[in-house]
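This is what each chain is made of:
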Amino acid sequence: MPNSAFTDLSEYITLPRLSGLALAPDGTRLVTTVQELSADGTRYLSALWEIDPAGARAPRRLTRSAKGESGPAFLPDGTLLFRSARPGADLPEGEDEAGESALWALPPGGGEAARVVTRPGGVNAHATARAAERLAFAGSLMPGAESVERDAELRRARTKAKVTAILHEGPMVRYWDHDLGPARPHVFAAERPGAEAVDCGVGAPWEQAVAVSADGSLIAYNTQLTDDPEALRDAVVVADAATGKRLRLLAQPQGELSDPVFTPDGRQVICGQKQQSSYEETFDRALWLFDATDEGDPGRPLLPGSELWPGTPVVSPVPGPDGELVLFFAADERGHCPVFRLDVHPDGRTELTRLTAAGAHTNLQVAPDGRTVYALRAAVDAPPAPVRLDGHTPDQDPVPLPTPGAVGALPGVLTEVHASAEDGTALRAWLVLPEGATAEQPAPLLLWVHGGPQHSWNSWQWRWNPWIAAARGYAVLLPDPALSTGYGARMHERGWGDWGGAPYTDVMALTDAALERPELDGRRTAMMGGSFGGFMANLIATRTDRFRAIVSHAGLWNLETFGGSTDAPFYWRRAHGDPLTTRERYQAYSPHLGAARISTPMLVIHGDRDYRVPIGEALGLWNDLVRFEVPAKFLYFPDEGHWILKPSHVRLWYQTVFNFLAHHVLDAEWVRPDLV
């Protein structure tokens, strides 16, 4: 095909990437974050762009700095708040810029942004009230610090002494790609930007979510309960926004609550709920409704009996005609992630309406009159872009809004593959077919298994983009095996406690079904996967030699050592058992036990700052491949985590993968990528 962003990796990494969406209180302005390549090509910078909700005006860039901006949120008067580490002009004389994220305000009529909230350690998340100037934000405090001044003093002393050590007294040490501590996360509230903030309590050490009631009187935020190291669980705190006093702790003995959202009157809180998993039972996700301040209210589920896994909802400011509470959310469903409307009647009855049938939707925003919903819509064949939905019409096609940037024509087409599992379960997968694939000229097939494993191939991927493979002549199979989301509880149960069972046989069944197509060449196949998909890559390498090459990115190798070194060992032990006493699952499907059976050439990829799947997994796999003389290569990133994010590393990742595949699948000469 002609040269495009999918054939030229240098061009691919320049494509703009949208994330996040914020709607002004009067409904006249939409703001999104657009990530673009820096001038020197070494990093991505984010900027805020305004999008016309009516779709009449072209997108307009609002911010520009060398540090970037994120987290747009509006105050009632239209002032736009955002986070940035850009330097400020308000530093006291002689004080150095710390380079930490602060909260900035951009006036509604435009002009220069002003820094309105700073904290030692930075501002990590924030939320505003719909009808008041009150705001809440997440920051941190050093142990023993009871004031901002003392906190700053302790940080300066630590920096001056060049101390980097952290003394832990709880189970959580690391999270994904960063160390936790020594400062502890706290949530603060202020009457208005720039006003003195009150400390509302200790927040969650990982995903920090805060919410403010419409009138600004209450805030809610995520926290973590640590009373049992083997049952750490998320909970939600409701606090008085003026005093910081805790009014209620929303917690469940066998469940986790997070991501609070207030109802329009502020009297109730909607939380995402996840049932805690166990050795015998998987978990699910739900939405629960609680009284905001009554400790005696046990709460109730809003979707009883539903098998949907709802995302964080957005609540309509306007009730339904009979006083219904109206909320909107997105949930995975058979390779898509539609938008749903839920009407909760005063008598407890609920009505659920699916507003879209296709695509994957995120970052929902509802108009002030409740009639219109905005979202970012993506699909396997379309990157995230803003759209407008009617708030009532079922299975509609959203109206696209003008968006900054485009990816251009795709080098192929998207279709589906269907198969039956060994137990009769209906299976499906997406299949990307490259241009020119015919029965006379069949395309080689790449099998890509997703991570999670509670996940689905239903959206655009920047890190694992199948269209780059299609531009090089490959077909790409994207299966949703057992444990995938969007197919109901049974799909989880089939693979729970048996990662080497149904997930493996489902993947193989879908591969066999795909290869029945005459446009695919069953003699030239390869397999790739990351995280859980990397585990599957390692497992497949020990069980079959049907693939000519396998790429394992951040894959689990020795499940016993993994369980003691991952950032969430308590979660792992709950699901797979304590290796000191319950070893059945480790012995049944830990890939390392089959190391001597591997003959397929493998490319191992791992980042040293990956704390979810620590580097020891890759080292163990690599050393076994070397020991058993398997043709293999190891692409190692000392300063990347679970995901490869730096632009130059993204390009190198793709170069190495496709040079490796070309050598083993297409019989091309091995070409070592530049710079490594």
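Source: prediction; values computed, not measured.

Cut-offs used in this document
- Residues numbered from 1 in each chain as written.
- Predicted model: local features only at pLDDT ≥ 70, side-chain atom pairs only at ≥ 80, totals over all residues.
- Heavy atoms only, no water.
- Helix = DSSP H or I, 4+ residues; strand = E, 2+ residues; numbered from the N terminus.
- Rg over C-alpha atoms; globule rule 2.2 N^0.38 Å.
- Buried < 20%, exposed > 50% of the residue type's maximum accessible area, 1.4 Å probe, protein only.
- Contact = heavy atoms within 4.5 Å.
- Areas by Shrake-Rupley, 256 points an atom, 1.4 Å probe, with all protein chains shown as cover.
- Lys, Arg positive; Asp, Glu negative; His and termini not counted.
- Charge placed at Lys NZ, Arg CZ, Asp CG, Glu CD.
- Pairing = 2+ DSSP bridges.
- Axes fitted to C-alpha atoms, helices over the stretch in contact; angles between N-to-C directions.
- Expected span 1.5 Å × (residues − 1).
- Core = buried A, V, L, I, M, F, W, Y, C linked by side-chain atoms within 4.5 Å.
- Salt bridge = Lys/Arg side-chain N within 4 Å of Asp/Glu carboxyl O.
- Polar contact = N/O pair within 3.5 Å; in protein donor to acceptor, adjacent residues only side chain to side chain.
- Patch = residues over 30% accessible without salt bridge, like charges linked within 9 Å, V, L, I, M, F, W, Y side chains within 5 Å.
- Phe/Tyr/Trp six-rings, centres within 6.5 Å; stacked < 30°, edge-to-face > 60°.

**Student:** Requested: an account of the overall build of the protein chain, with residues and values cited.
**Tutor:** Secondary structure assignment for the protein chain yields 11 helices and 38 strands. A globule of 676 residues ought to have a C-alpha radius of gyration of about 26 Å, and the protein chain, at 25 Å, matches this closely. Considering only C-alpha atoms, the protein chain reaches an extent of 65 × 60 × 50 Å along its principal axes. Across the 676 residues that make up the protein chain, the buried fraction comes to 57%. Considering only contacts in the protein chain between residues 6 or more positions apart, those separated by 24 or more positions represent 55%. Looking at the protein chain as shown, the accessible area adds up to about 27900 Å², and 49% of this sits on carbon and sulfur atoms. One finds the centroid of the 61 positive side-chain charges in the protein chain at a distance of 3 Å from the centroid of its 85 negative side-chain charges.

**Student:** Break down the sheet that holds strand β16 (residues 218-225) for me, with residues and values.
**Tutor:** Here we have 4 strands laid out as an open sheet, ordered β15-β16-β17-β18, and antiparallel in their pairing. In the strand order of this sheet, the two ends are held by β15 (210-212) and β18 (246-250), each with one partner. Taking the axes of each pair of neighbouring strands and ignoring which way they run, one obtains an average angle of 25° across the sheet. One ladder, built from 3 bridges, connects β15 with β16; its direction is antiparallel. Within the sheet, the bridge partner assigned to A211 lies in β16 and is A220.

**Student:** Hey, could you go over helix α10 (residues 615-627) for me, with residue numbers and the actual values?
**Tutor:** Since the α-helix turns once every 3.6 residues, residues separated by three or four places project in the same direction. Here α10 spans 18 Å end to end across 13 residues, near enough to the 18 Å set by a 1.5 Å rise per residue. Among all positions of α10, only I615, E617, A618, L621, D624 and L625 are buried. E629, located one to two residues past α10, shows a positive phi value of around 55°.

**Student:** Which residues make up the nonpolar core, and what values do they have?
**Tutor:** The biggest cluster of nonpolar side chains holds 57 residues, and the ones touching the most others in it are L477, M527, F535, M536 and I540. Setting aside its immediate chain neighbours within four residues, F535 contacts W499, G555, L556, L559, Y589 and P591. The next biggest cluster of nonpolar side chains, apart from the first, holds 45 residues, and it includes I13, W448, W467 and A526.

**Student:** If you had to explain the pattern of salt bridges to someone new, which residues and values would you point to?
**Tutor:** Pairing between side chains becomes possible if they bear opposite charge and their charged atoms approach one another. Scanning the model with the defined rule gives 30 salt bridges in all. One salt bridge connects R155 with D151, and the closest N-O pair in it is separated by 3.0 Å. Of this pair, R155 and D151 are both found in helix α2 (residues 148-160), 4 residues apart, which corresponds to roughly one turn of the helix. Neither residue differs from the other here; R155 and D151 are each classed as buried. A salt bridge links D521 to R523, with the nearest nitrogen and oxygen atoms 3.2 Å apart. Residue classification places R523 among the exposed positions, given a relative accessible area of 67%. Salt bridges sharing common partners tie together R29, E50, D52, R57 and R60.

**Student:** Break down the sheet that holds strand β31 (residues 412-420) for me, citing the residues and quoting the values.
**Tutor:** Taken in spatial order, the 8 strands of this open sheet run β31-β32-β34-β33-β35-β36-β37-β38, and their pairing is mixed. Edge positions in the open sheet fall to β31 and β38 (632-637), since each of these has one partner strand only. Sheet twist, expressed as the mean angle between neighbouring strand axes with direction ignored, is 20°. As paired strands, β31 and strand β32 (residues 426-434) are joined by 9 bridges and run antiparallel to one another. From the neighbouring strand, G412 faces β32, where its bridge partner is P434. Across the face of the sheet, helix α5 (residues 502-514) comes into contact with β31, β32, β33 (443-449), β34 (475-479) and β35 (520-530) while running at roughly 120° to β31. Running at roughly 130° to β35, helix α6 (residues 532-543) makes contact with β33, β35, β36 (549-553) and β37 (602-607) of the sheet.

**Student:** Could you give an account of the side chain of T263, with specific residues and numbers?
**Tutor:** Summarising the element assignment, T263 is placed in the loop between β19 (255-262) and β20 (268-275). Under the relative-accessibility criterion, T263 is labelled buried at 3%. At 2.9 Å, the side chain of T263 and the side chain of D265 are in polar contact. Not counting chain neighbours up to four residues away, the residues in contact with T263 comprise Q268, I270, L289, V315 and L325.

**Student:** Please set out the environment of A165 residue by residue, giving values where relevant.
**Tutor:** In this fold, A165 is placed in the loop between α2 and β11 (174-175). Sequence separation between A165 and T243 is 78 residues, and the spatial gap between their C-alpha atoms is 34 Å.

**Student:** Explain α5 residue by residue, including any values.
**Tutor:** Between its first and last C-alpha, α5 extends 18 Å over 13 residues, near the 18 Å set by a 1.5 Å rise per residue. With 11 of 13 residues buried, α5 is to be regarded as a mostly interior element. Within the sequence span of α5, burial applies to A502, P503, Y504, D506, V507, M508, A509, L510, T511, A513 and A514.

**Student:** Which residues make up a negative patch on the surface, and what values go with them?
**Tutor:** Taken together, the side chains of E280, E281, E307 and E493 present a region of like negative charge at the surface. Mapped onto the secondary structure, E493 falls in helix α4 (residues 489-495).

**Student:** Got a sec to walk through the environment of A152? Specific residues and values, please.
**Tutor:** Mapped onto the secondary structure, A152 falls in helix α2. Counting along the chain gives 87 residues from A152 to S65, while the straight-line C-alpha distance between them is 26 Å.

**Student:** Could you give me a rundown of unusual backbone geometry, with the residues and numbers involved?
**Tutor:** For the peptide bond that leads from G181 to P182, omega is 0°, which places it in the cis range. Tracing the backbone through its elements, the reader meets P182 in the loop between β12 (178-179) and β13 (184-190). The step from G452 to P453 runs through a cis peptide bond, and the omega angle for that step is 0°. Its location among the elements puts P453 in the loop between β33 and α3 (466-471). The phi dihedral of S531 falls on the positive side, at around 65°, and the residue is not glycine. With respect to the helices and strands, the residue S531 is situated in the loop between β35 and α6. Here the phi dihedral of E629 falls at roughly 55°; this positive angle occurs in a residue that is not glycine.

**Student:** How would you summarise the pairing of strand β17 (residues 233-240) if you had to cite specific residues and measurements?
**Tutor:** Where burial is concerned, most of β17 is hidden: 7 out of the 8 residues are buried. Where β16 meets β17, 8 bridges bridge the pair, whose relative direction is antiparallel. Bridge pairing links Y221 to V237 in β17. Pairing between β17 and β18: 4 bridges, direction antiparallel. Opposite V237, over in β18, you have L249 as the bridge partner. What sits between the antiparallel neighbours β17 and β18 is a turn of 5 residues, in which G244 has the positive phi angle 85°.

**Student:** Got a sec to walk through the packing of aromatic side chains? Specific residues and values, please.
**Tutor:** Under the criterion given, the structure shown has 26 aromatic pairs. Relative to Y589, the ring of F535 lies with its centre 6.4 Å away and its plane at 80°, an arrangement referred to as edge-to-face. With a gap of 54 residues between them, F535 in helix α6 and Y589 in helix α9 (residues 584-589) connect regions that are remote in the sequence. The buried category is assigned to F535, whose relative accessible area is 0%.

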